[in-house]
Amino acid sequence: MSSPTPITAPGTLAPTPSQTVGPFYGYALPFAGGGDMVPVGHPGAVVLHGHVLDGAGAPVPDALVEVWQPAPDGSRRGAPGSLRRDPVTGAVIGRHGLTFTGFGRVPTDADGHYAVRTVPPGGVPYVAITVFARGLTHHLHTRAYLHDAAGRAEDRLLSRLPEQRRATLLTTPEDTGVHRFDIRLQYDGVHEETVFLDFG
Amino acid sequence: MTTPPAPPGTIEPSSLIRPGTVEAPVLTQARISAEITAARDDYARSIAAGAPVRSHPDRDYAPYRSSTLRHPRHELTAMGSDPEDVELSGPVFGVTDITDLDHDLTRRHQGEPLGERITVTGRVLDRSGRPVRGQLVEIWQANASGRYAHLRDQHPAPLDPNFTGVGRCLTDDQGTYSFVTVKPGAYPWRNHANAWRPAHIHFSLFGSAFTQRLVTQMYFPGDPLFAYDPILQSVTDDDARGRLVAAYDHDLSIPEWSLGYRWDIVLDGPSATWIEEGR
């Protein structure tokens, strides 16, 4: 891996605007095993799951959640092998289930629920998340900080958030290796809105 | 949910109106169009007052009613550009993820799909104009009649057994992507009464960083539905909205075969995006 090169020149081309993913991406974007970021039975695997909820507290059944994180050794390269196709029928058969790719993609179900199986990230206490949905004109970035990960106390983002806001970025322990992380697109009258991030 | 309007010349049977129910006022196109105009006027005033150009749509865009309960009310938390941020690197897809046929949506079934065959091509660039190489581009779309191969799309237009409407490719060394497909049709939706979406192709792009991730829609030039559509109009900047419309390119049209469209895509992301040399 060569050393990263910072690009210091400001952007000169204007970006292509974002548009909503809409409700009908389901036959196109999700793929078999999209939530299995590590092979089934992998030692040390953890489940990250929760609901995507709107400003009425109602589940969002047509959201798409993407997760990106470093490998346990801290590597941020990712790996190909997510979208393999059957060479005869052309059908997507998904991952070969042997490697950690760092990337997960899952649609929410009718209850607005998503789940990925992964391993704790190396070097940082969080996984990066993007949320797409009908009604979202531009996707949203957030992070799920694992409640039992080292490094949370020194984290640059967490340390500058007020406590109530910070709490929306922390997972809740449910069972051994099970992390609950609900994503609230808007304050619903009871629950705080999830902190969303701008990388400008 | 609204019911489809009665055909012209027919009378709505009064037996369908249940006694005791209060009819919600019909949300007309005129009302939505007035909101679209108001949002554009607000944006023009903000620019005149010195506010920066906004290329991306507001998340709180009332004419698109689905945004009402789904937009955050807090300001997003500014992250600056810390090279340690995980979001500045991203997924890598490779040749094993894509087959030669994936970019051709007309070759995915036993027969050929109905409709006007088109090729769509262009370059994926970062904001400095450098090609974004070897990255995954995914598309999905309705068929030529304006219907998705999705159970929840119950719009009474014919399904095409030879068209599903999903394609993938990786950008090449010049950042170029290319698809063969059919031109999608316009279709109705239920944002308001008589709402119709202009023909469009959905695009999903991975740049070289998670911060460059983009989901967007490509539109076709000259579509009469542009002004009526709150999703396209959610981009209130005229130039930015124009960048969502492909150009017909006669040099890309193939004799006896297809019409050609060119659409270049510029991925956003911090100006200090970290890349790896040689990629």
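Residues numbered from 1 in each chain as written. Chains lettered and ligands numbered in written order. Predicted model: local features only at pLDDT ≥ 70, side-chain atom pairs only at ≥ 80, totals over all residues. Heavy atoms only, no water.

- Going by an unreviewed UniProt entry, chain B carries the name Protocatechuate 3,4-dioxygenase beta subunit and comes from Streptomyces brevispora.
- Checking UniProt for chain B, the heading Sequence similarities (unreviewed entry) contains the comment "Belongs to the intradiol ring-cleavage dioxygenase family." (UniProt positions renumbered as here; feature names shortened; annotations may be inferred.)

- The name an unreviewed UniProt entry assigns to chain A is Protocatechuate 3,4-dioxygenase alpha subunit, from the organism Streptomyces brevispora.
- The UniProt entry for chain A carries the following comment under Sequence similarities (unreviewed entry): "Belongs to the intradiol ring-cleavage dioxygenase family."

## Considering the overall build of chain B
- Looking only at helices and strands, chain B features three helices and 13 strands.
- Scored against the burial criterion, the 279 residues of chain B give a buried share of 49%.
- If you take every contact in chain B between residues at least 6 apart in sequence, the share linking residues at least 24 apart comes to 71%.
- When the accessible area of chain B is evaluated, it comes to approximately 13,500 Å², of which 57% is carbon and sulfur surface. (Helix = DSSP H or I, 4+ residues; strand = E, 2+ residues; numbered from the N terminus. Buried < 20%, exposed > 50% of the residue type's maximum accessible area, 1.4 Å probe, protein only. Contact = heavy atoms within 4.5 Å. Areas by Shrake-Rupley, 256 points an atom, 1.4 Å probe, with all protein chains shown as cover.)

## A short note on the side chain of Q212(B)
- By the secondary structure assignment, Q212(B) is in the loop between β8 (200-205) and β9 (214-219).
- In this structure, Q212(B) is in contact with D126(B), L205(B), G207(B), L267(B), D268(B) and G269(B), ignoring residues within four places of it in sequence.

## A closer look at the nonpolar core
Residues and elements named next belong to chain B.
- Of all hydrophobic cores here, the largest spans 38 residues; its most connected members are Y177 and F203.
- For this core, the secondary structure elements donating two or more residues are α1 (29-48), β2 (117-125), β3 (136-140), β5 (176-182), β8, β9 and α2 (230-233).
- The residues touching Y177, leaving out its near neighbours within four places in the chain, are V120, T121, G122, R123, V124, V137, C169, T171, F203, W263 and I265. (Core = buried A, V, L, I, M, F, W, Y, C linked by side-chain atoms within 4.5 Å.)

## Remarks on the interface of chain B and chain A
- Taken residue by residue, the interface counts 88 residues in chain B and 82 residues in chain A.
- Across the chain B to chain A interface the summed buried area is about 7,700 Å²; carbon plus sulfur atoms make up 55%.
- In this structure, the connection of chain B to chain A is made through eight salt bridges.
- A salt bridge links R105(A) to E138(B); the nearest nitrogen and oxygen atoms lie 2.8 Å apart.
- For the side of chain B that touches chain A, the secondary-structure elements that each account for two or more residues are β1 (77-78), β3, β4 (166-170), β8, β9, α2, β12 (265-266) and β13 (274-276) of chain B. (Buried area = accessible area lost by both parts, 1.4 Å probe. Salt bridge = Lys/Arg side-chain N within 4 Å of Asp/Glu carboxyl O.)

## Observations regarding the sheet that holds β4(B)
Residues and elements named next belong to chain B.
- Spatial ordering of the open sheet is given by β4-β3-β8-β9, a layout of four strands whose pairing is antiparallel. The sheet is open, and its two edges are formed by β4 and β9, each paired on a single side. With direction set aside, neighbouring strand axes in the sheet form an average angle of 20 degrees. (Pairing = 2+ DSSP bridges. Axes fitted to C-alpha atoms, helices over the stretch in contact; angles between N-to-C directions.)

## Some points on the UniProt feature "domain: Intradiol ring-cleavage dioxygenases" (unreviewed entry) in chain B
- Per the UniProt annotation, the sites labelled "domain: Intradiol ring-cleavage dioxygenases" (unreviewed entry) are residues 120-148 of chain B.
- The span residues 120-148 of chain B is 0% helical and 38% strand by assignment, and the distance between its end C-alpha atoms comes to 19 Å.

## Overview of the packing of aromatic side chains
- Taken as a whole and judged by the stated rule, the model has 14 aromatic pairs over all chains.
- Plain terms: the ring middles of Y177(B) and F203(B) are 5.5 Å apart, the flat faces sit at 75 degrees to each other, and that makes the pair edge-to-face. Of this pair, Y177(B) sits in strand β5 while F203(B) sits in strand β8, placing them 26 residues apart in sequence.
- Between F203(B) and W263(B), the ring centres sit 4.9 Å apart and the planes meet at 70 degrees, which makes this aromatic pair edge-to-face. Taken together, the residues F203(B) in strand β8 and W263(B) in the loop between β11 (259-262) and β12 connect sequence positions 60 residues apart. Side by side, F203(B) and W263(B) carry an identical accessibility label, which is buried.
- The lysine or arginine in question, R143(A), covers the ring of Y126(A), its NZ or CZ lying 3.8 Å from the ring centre.
- Positioned above the aromatic ring of F206(B), the side-chain terminus of R213(B) is 4.1 Å from the ring centre. (Phe/Tyr/Trp six-rings, centres within 6.5 Å; stacked < 30°, edge-to-face > 60°. Lys NZ or Arg CZ within 6 Å of the ring centre and 35° of its normal.)

## Overview of the environment of I183(A)
All names here are of chain A.
- Position of I183 among the secondary structure elements: in strand β10 (residues 183-184).
- Separated by 70 residues in sequence, I183 and H113 have C-alpha atoms that sit 9.9 Å apart.
- Not counting the four nearest positions on each side in its chain, I183 is found in contact with H51, V52, L53, Y114, I129, V131, T194 and F196.

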